[in-house]
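Structural overview
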Amino acid sequence: MESNGAVDPAFKGISRTSTAFLIWRVENLQLVPVPKEQYGTFYDGDSYIIYAASEYGKHGNPNTKSREIKGNLEMHIHFWLGNNTSQDESAVAAFKSVELDNYLGGKPVQHREVRGNESSRFKAYFKNGIRILLGGFDSGLKVVNNNFEPRLFRVKGRRRPLVTQMPAVAWEYFNSGDAFIIDTKDVVFVWIGRTSNSMERLQAAKVATQFRDERNALSIVFVDDGKEMELPSPEQTLLGFYLDLRPLAKRVMPEVNGVDEHVEQEVRSQLKFYRCSDDDGIYKVTEVKTGSLSQSDLDPKDSYIIDNGPYHIWVWIGRNASSKERVEAMRNANGFLKKKNYPVSCRVSRVVDGGEPAEFRVLFPSWEVREPVQSPKAASPKSQPIAVQNLSSLESNTSLAAKEQILDNGSGNLKVWRVSKTNLVEVEKNSILFSSEIYYLLYTYPYNGSNKEVLYYWLGSTSKENAQTHLTLSQEDLVAKANVKARILQCNQPPHFLVAFRGKLVIMDGEHKEHMPKTYLLQIRGNQIFNTFGQQKPLERMSLNSNHVYLLKTESESYLWCGKSSTGDEREMAKGLSLTLVKEFSVLFEGQEKQDFWKYLPGNETYSNCLRPAIVPLKAPAVRLFYYSKLKGGLKVEEIMDFAQSDLAQEDIFILDAFHTLMIWTGKYANREEKNKAFEIALEFLKTDPSRREPNIPIMHVKQGYEPPTFTGFFTEWDPQMWMKEQKFEELREEIDRQKPLLQVDLIVADTVPNFYECEKHPLNVLLERDPDKLPSGIDVQHKELYLSSEEFFDVFSMKYSEYSAIPKWKQDCLKKNVGLF
C-alpha cells in the first residue's frame, strides 16, 4: 500500500527502511517533536504519538539509532492519551497515527494506549520507568509559574515502576502499598509505604536523587510509614509544614495500593472472534466463534476483531481487505469498544496480514510465518536442528542450549526412583519406565567445572497422581533439596530429558514389572540421543508405520523392522537402543519380510505407509517473560517485553514461556508457600492462556542461583554474580543518609510564593473562578489568596496574612479548601 496525498512535515524525514524511535506531542493541534532528553516523561493533559521501528523480532527504545535494514522492518505506532487530554488533541493523535501509517505503506502495527493501562511493549521502551506529570501544553491544567510548588509523586509497580504526579500533597493521595516522593524546594522526602515492594522503594530513592540533583536541593529525607513522629526534630518540623503528622490525620489514607490492579484470570483466558464486513456499504461486525483460534480462521480478504475482553481488543486486516477497512480499522475498533461497554482504558491494536507482532501470534496455539514457498530441494527429512557432534559446545553456547532445550552431551549420571504408595524405590534398570507409574529421576551433569543437577518428575500416561503421596514425598530430602525440578508427561519428553538416557529410553505399558514380557513390539523414534525413545505398541499389524523403526521381540528371536521412509541415522539409533534389550536381532527392511515375522502381528488391516512430509523447521512464537502474583484469589500475570536478567527480582516469581516449555523461576526471597506451588502456578497459567495450549508441555521449576543453560540461554546476557552486585534499597538509603547534612529549618521554610503586599488585588468573587483561562492574567492559581486585599483577606480567613503565612502549608490548604480558593 503506497501513501498518497499530503503528509505532515513531522513525518517527512522518516525512512521506510531504517530503524528509528521518535515521539511527538500534540500542541495547538499540531505535532511537535519531543526532545530526546524528555523521552519517558508524559503530561497527563496531553496526547502523544510514538513511532518505533526495529529489525524484525527486536525491540526499539529511545537509544535506537537510524540504521538501514535490508530485511523486514518491524514498525509500531502508538498514540498515548493522558486522562485529561482534550477530545480535540486525542482526535489529532488518532488521525495523525493513521496518516503516519499510510505514509509507511500501511505496514506498522497501531496501538491505542491510555494512561494507566499501557501495553507491555510500550512500557518496555522506557527501561528507566515512565514519569507522568500533571498538566499539559496549553491545556488549562498547567500554569507557568516562576515559584516552585511542592509536588507529590506515587511510585508504583514491581518491574519498571511508574512515577505519577498526584493532585496535591495530601494524605488522601497516599497509601501503604506504594512509595511516595514529596518534592519540595530544598528537601526531597521519600515516604515508604509499609507494604511497598523493594523495586518501588529503590526506584523512589533513585528518582528522589534525580530531583535533588536537578535543583541542587539540600537533602533527601526518608520517612517510614507510621514513624513520621520519630523523625529528628528539624525533619519532623519541615515535613509537618506540608502534612499534618498527627495519627488521626492519616485516617483519610486508603489502605489499598491506589487503584488496585485487575484480576485478569477470566478476561485473559477468553477470546471471541468477529468478522468485519462493509460489503454492502454498511459496516457489520458478526461473531464467528468463541475459544481457541486457528491461523486458518484468518481469511486474507477480510478483517477481524479478536476480543480479549476489557483487557485488549485486536483488529486484524487481511492483505486483500479494502483500503477503507485498513484506514478505518482503529475507529471501528473504538466503536466496538463502546458498544461492548468496555472501559476507555482498554487497549486497542491493529495488525496487518504478514506483519503480526509476537504478542498477537501467541493468541494462537500454533503460528506459521507465511513466506514464499520453498522448492522441494530446500527441505530434507534428514535436516536436523543440531548435529550430535555439536553437543559438546553447549557449555560455551547457552543460547543454543536454550533454543534446543539440551543440557549437555549425555555424559552425566542418571538415577531413577519409582513412586510407591509410601516412599521412593530405586530402579536398577533405569532406562525402562512403565506407563502406569510415576518416577523421580535425578540427572547429574558436569557444567563449568562443577556438577549440576536436575530432578525430573515423570508421569506415565495411565498413572494416577495421588496428591497426598506426592505431598509426603515432597518432604523427602531428594525432592525438597532439588534446586531445578521438571514435570514431564509421557510422550512429551523434552530433549534434555532424553539426553539423560543417551537415546536408550524405553516406555512399556502397564505397571512396573521386574522382567520384560517374552513378546512385545517397540516403536523406536529419533535419530539423535536428544530425540530417541522406544514406545511399546500393540502386537498387531496396524501398529507399524513406514516412517519408523520397530523392535519385535519374541520367545525365539528378535527382528528390527525398518520402514522404507526411515533414515540411516534412525536405524543406527534403533540398533543401539535394541541392544540394551536383546543380545541379537535380524534386520528386516519393509517389503522384504518373511512369513515368520507376520505371524506375530495378526490382522489384515493395512498399516500407514505414507511417506513423511519434508521437515520444515517450526517457528515457535517468541519467548516471553511474565511476572506472577496472586490478587483476591485470582491469577495476575504481567508481561515484561524486551526482558533482561535484571527484570528477575529476588522477591518475586516469574514465568518464562518458551511456548513448548514453561519455566517457573522463583527468587531467593519469594513467598515460601508460592515457591512450593511452582507447578500448580504453571498449570494455572496454562489454563488462562488465550491460545488454549494443552497442559501436558514440560514444566521446569528453577530456583535463583541454580539456573541451567536451558534457561539462561534465553537471556541476551547472563551474569551469575548480578544479584550480588546490584544495589539494594537499604544500601542506597544508607549511602544517602551518610551524605545528609544537618537541616536548618528556618533557612528552608521560607516564602517561595509571590509577595502578598506586591500582588495586584482582585475581589473574592473574581478569584473564585475555577477556569484558569477566565482569571485575570498573571494570577498564580496555586495561590489565589495572595490577590485579596488585606481587608478582604481578614474577612475571608479571620486572620491577618502575617498570621496565615506562619502556619503549616497543610493548614493553609485546608483553609483555602473551605473558602473555595484551593
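Note: the structure precedes this text.
Residues numbered from 1 in each chain as written. Predicted model: local features only at pLDDT ≥ 70, side-chain atom pairs only at ≥ 80, totals over all residues. Heavy atoms only, no water.

A word on the overall build of the chain. Across its full length, the chain carries 24 helices and 34 strands. A burial count over the chain gives 52% of its 822 residues as buried. Here the analysis covers contacts within the chain between residues at least 6 apart in sequence; of these, 67% occur between residues at least 24 apart. Accessible surface for the chain amounts to roughly 39,500 Å². Of this, 49% is attributable to carbon and sulfur atoms. (Helix = DSSP H or I, 4+ residues; strand = E, 2+ residues; numbered from the N terminus. Buried < 20%, exposed > 50% of the residue type's maximum accessible area, 1.4 Å probe, protein only. Contact = heavy atoms within 4.5 Å. Areas by Shrake-Rupley, 256 points an atom, 1.4 Å probe, with all protein chains shown as cover.)

Moving on to helix α22 (residues 790–797). What α22 keeps buried is the set Phe793, Val796 and Phe797. Taken around the axis of α22, the buried residues stretch over an arc of 75 degrees, which confines them to a single face. Exposed and facing more than 90 degrees away from the buried side of α22 are Glu791 and Asp795. Buried residues in α22 make contact with α21 (764–767), α23 (801–804) and α24 (809–819). The positive-phi residue at the C-terminal boundary of α22 is serine 798, with phi of around 60 degrees. (Arc of directions from axis to C-beta.)

Tallied over the full model, the rule gives 1 cavity of 30 Å³ or more. Approximately 30 Å³ is the volume attributed to the largest cavity. Lining the largest cavity, in full, are Cys276, Tyr283, Ser303, Val315, Ile317, Glu325, Ala329 and Asn332. At the level of secondary structure, the elements contributing two or more residues to the lining of the largest cavity comprise β16 (312–317) and α7 (329–339). Counted by class, the lining of the largest cavity contains 5 nonpolar, 2 polar and 1 charged residues. (1 Å grid on protein atoms, 1.4 Å probe; cavity = no way out; pocket = protein on both sides within 12 Å on 5 of 7 lines; lining within 4 Å. Points joined across faces, edges and corners; volume = space filled by probe spheres on them. Nonpolar A, V, L, I, M, F, W, Y, C, P; charged D, E, K, R; others polar.)

In spatial order, the strands read β2-β1-β4-β5-β6-β17-β16-β15-β13-β14; together these 10 strands make up an open sheet with mixed pairing. Only two strands of the sheet have a single partner each, and these edge strands are β2 (30–33) and β14 (284–290). Pairwise comparison of adjacent strand axes, ignoring direction, gives a mean angle of 20 degrees for this sheet. When β16 meets strand β17 (residues 347–352), the two strands line up parallel, connected through 6 bridges. In the strand pairing of β17, tryptophan 314 is matched with serine 349. In the packing of α7 onto the sheet, contacts are made with β5 (73–81), β6 (109–114), β13 (272–277), β14, β15 (303–307), β16 and β17, and the angle to β17 comes to roughly 145 degrees. (Pairing = 2+ DSSP bridges. Axes fitted to C-alpha atoms, helices over the stretch in contact; angles between N-to-C directions.)

A word on the sheet that holds strand β26 (residues 533–537). Taken together, 7 strands build an open sheet; the order of strands is β20-β24-β26-β25-β27-β28-β29 and the sheet is mixed. A strand with exactly one partner marks an edge of an open sheet, and here the two such strands are β20 (432–434) and β29 (586–589). On average, each strand axis in the sheet is inclined to that of its neighbour by 25 degrees, with strand direction left out of account. Relative to β29, strand β28 (residues 558–562) runs parallel, the two sharing 4 bridges. By the bridge assignment for β29, tyrosine 559 is matched with serine 586. Strands β24 (505–508), β25 (520–525), β26, β27 (549–553), β28 and β29 of the sheet are contacted by helix α13 (residues 568–578), whose axis makes an angle of about 160 degrees with β28.

Here we come to unusual backbone geometry. Across the chain, the bulk of peptide bonds are trans and the bulk of non-glycine residues have phi less than zero. Positive phi outside glycine occurs at asparagine 28, with the angle close to 55 degrees. Relative to the helices and strands, asparagine 28 is located in the loop between β1 (20–27) and β2. Judged by its relative accessible area of 52%, asparagine 28 falls in the exposed class. With phi around 50 degrees, aspartate 642 is a residue other than glycine that occupies positive phi space. In this fold, aspartate 642 is placed in the loop between β31 (634–640) and β32 (653–657).

Here the focus is the packing of helix α3 (residues 198–215) against helix α19 (residues 729–739). Their axes nearest at 9 Å, the elements α3 and α19 cross at an angle of 30 degrees. It follows from the interaxial angle that α3 and α19 lie roughly parallel. Helix-helix and strand crossings are classified by hand; for α3 and α19 the assignment is left-handed. Seen from α3, the contacting residues are Ser198, Arg201, Leu202, Ala205, Lys206, Thr209 and Arg212; seen from α19, they are Phe729, Leu732, Ile736 and Gln739. Of the residues contributing to the contact of α3 with α19, the split by class is 5 nonpolar, 3 polar and 3 charged. (Parallel < 35°, antiparallel > 145°, perpendicular 65-115°, else oblique. Left-handed = near helix turned anticlockwise from the far one by under 90°.)

Geometric values such as these leave the question of function open.
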